[in-house]
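# Understanding the architecture of this molecule
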Amino acid sequence: MFLHLQSTIDDAQRAAVEAAARALGLRLVEPDPVTHLVELRPEGVPAPERGRVVAVFTALAGVVEVLDRPGDPPMWSAARRVPTTVAVGRAIFGGGHASVIAGPCAVEDGAELLEIARAVEARGATLLRGGAFKPRSSPYSFQGLGARGLEHLKDVRAATGLGIVTEVLDPRDIEAVLDAADMVQVGARNMANSSLLKELGTVDRPVLLKRGFGATVEEFLGAAEYLLCGGNTQVVLCERGIRSFDQVTRNLLDVGAIAHLRAATHLPVIADPSHAAGRSDLVRAIGRAGVAAGADGLMVEVHLDPSAALSDGQQAIGPDEFEALVQDAGVLCELDGRTLRTGDQTIPHPPLPKIPTHLRGTA
Ligand code: PEP
Ligand code: MN
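Here's a quick rundown of the structure. As the structure is a computational prediction, the values presented were derived from the model and not from experiment. (Residues numbered from 1 in each chain as written. Chains lettered and ligands numbered in written order. Predicted model: local features only at pLDDT ≥ 70, side-chain atom pairs only at ≥ 80, totals over all residues. Heavy atoms only, no water.)

Moving on to the overall build of the protein. When helices and strands are tallied, the protein shows 11 helices and 16 strands. In summary, the protein has a C-alpha radius of gyration of 22 Å against a globular reference of 21 Å for 363 residues, a match within 12%. Projected onto the principal axes, the alpha-carbon positions of the protein cover approximately 70 × 60 × 45 Å. When each of the 363 residues of the protein is scored for burial, the buried share is 50%. (Helix = DSSP H or I, 4+ residues; strand = E, 2+ residues; numbered from the N terminus. Rg over C-alpha atoms; globule rule 2.2 N^0.38 Å. Buried < 20%, exposed > 50% of the residue type's maximum accessible area, 1.4 Å probe, protein only.)

Under the definition given, this model contains 22 salt bridges. Note that arginine 27 is salt-bridged to glutamate 43, the shortest N-O span being 3.8 Å. Within this pair, whereas arginine 27 is found in strand β2 (residues 26-28), its partner glutamate 43 is found in the loop between β3 (37-42) and α2 (50-58), the two being separated by 16 residues in sequence. Assessed through its relative accessible area of 38%, arginine 27 is described here as partly exposed. A residue is classified by how much of its surface remains accessible, and glutamate 43, at 55% relative accessible area, is exposed. (Salt bridge = Lys/Arg side-chain N within 4 Å of Asp/Glu carboxyl O.)

Further remarks concern the layout of surface pockets. Here the largest pocket defines a volume of roughly 470 Å³. Among the elements of the structure, β1 (2-5) and β4 (63-67) are those that each provide at least two residues to the lining of the largest pocket. Residues of the lining of the largest pocket, tallied by class, amount to six nonpolar, 13 polar and five charged. For the lining of the largest pocket, the two domains that each supply at least three residues are domain 1 (2-67) and domain 2 (86-341). Here the second largest pocket is characterised by a volume of approximately 220 Å³. (1 Å grid on protein atoms, 1.4 Å probe; cavity = no way out; pocket = protein on both sides within 12 Å on 5 of 7 lines; lining within 4 Å. Points joined across faces, edges and corners; volume = space filled by probe spheres on them. Nonpolar A, V, L, I, M, F, W, Y, C, P; charged D, E, K, R; others polar. Domains from an automatic or database assignment.)

Geometry reference: four tetrahedral donors at a metal, ideal angle 109.5 degrees. Six octahedral donors, ideal angles 90 or 180 degrees. Here the manganese ion (ligand 2) is held by the protein donor atoms Cys105 (SG), His275 (NE2), Glu301 (OE) and Asp312 (OD), which lie 2.0 to 2.4 Å from it. The motif formed by the donor residues of the manganese ion (ligand 2), counted along the single chain, is C-x169-H-x25-E-x10-D. Here histidine 275, found in helix α9 (residues 273-277), pairs with glutamate 301, found in strand β14 (residues 297-301); they are 26 residues apart in sequence, far enough to count as distant. (Donors = N, O, S within 2.8 Å, 3.2 Å for Na, K, Ca; no water.)

Everything listed is a geometric property; what it means functionally is a separate question.
Written out as structure tokens, the structure is:
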């Protein structure tokens, strides 16, 4: 059997765990530094009865649970717990709540960022997105403002009521990014970067984990497991489109995966229609599809002058289109009893269309 220890377990709690093991005739093997699992080896025969071991250890501070095998069931599994809610500033994801993250692809300029922030906040976004460190396919493309971009994000947070979501690319930048971010983004290209995930598993900050464009759902959940077993339980999954054979959209929003994840995991799931579409004219429709499939929110790229954006301008929508999408999302959430949070109050939306008499149930 294995004990799953809290990553924050202190010396006194560890000593109590060791004493309990000795009293039961069990030896503790060295804890695994990534999973915080420690094997319990029986010193003699007969080994203590399983129920007794579970009862003794689950009553101790610093112990999360007792497992028969590592990762069985995995920590992301819906079989383990009720839906997780992740609260970030005024945003809540999961457990019947949905929220919208919006902003430019990249932080480009302080004044412009503030203007975009005010525009999206007034239209229902509760978190501002914007990359200071950008993962670009070409080294000749704009790589982000780096530390200066983080300063702009901090200024905008202070000037508005918006929390900040920004990406970290490199474990060496985590400390600086945490200084600016209320939620740290792990991008599609880094989803399988286990060094980065291990580090972020130990931080006390929600993580937005984007699915790699070539990653299976199982690989996506495996990446989430790194964060969870490291001790960070504040994880929001983001489906942002996978690579398909077709070129009409940049990626293919996997709505089936969103629906599947809503049932398979207790973690909240959001959709990013911007990177799925790759073109602004389809963002609203694809965003609707994500929420209809069960997404607990959206992440949308918004710019005031998309043609001048330094990255991903072709998929950025303006404030009016964004407002329409937020309205749509509010209506769609309501259809299955969820609430879209848009700041201090929930989104006001137009009344639902009346169902024609011939389509109503006869009961
Ligand atoms: C982004 O959100 O700006 C981004 C780079 O997204 P992805 O990692 O999904 O490509
Ligand atoms: Mn982008």
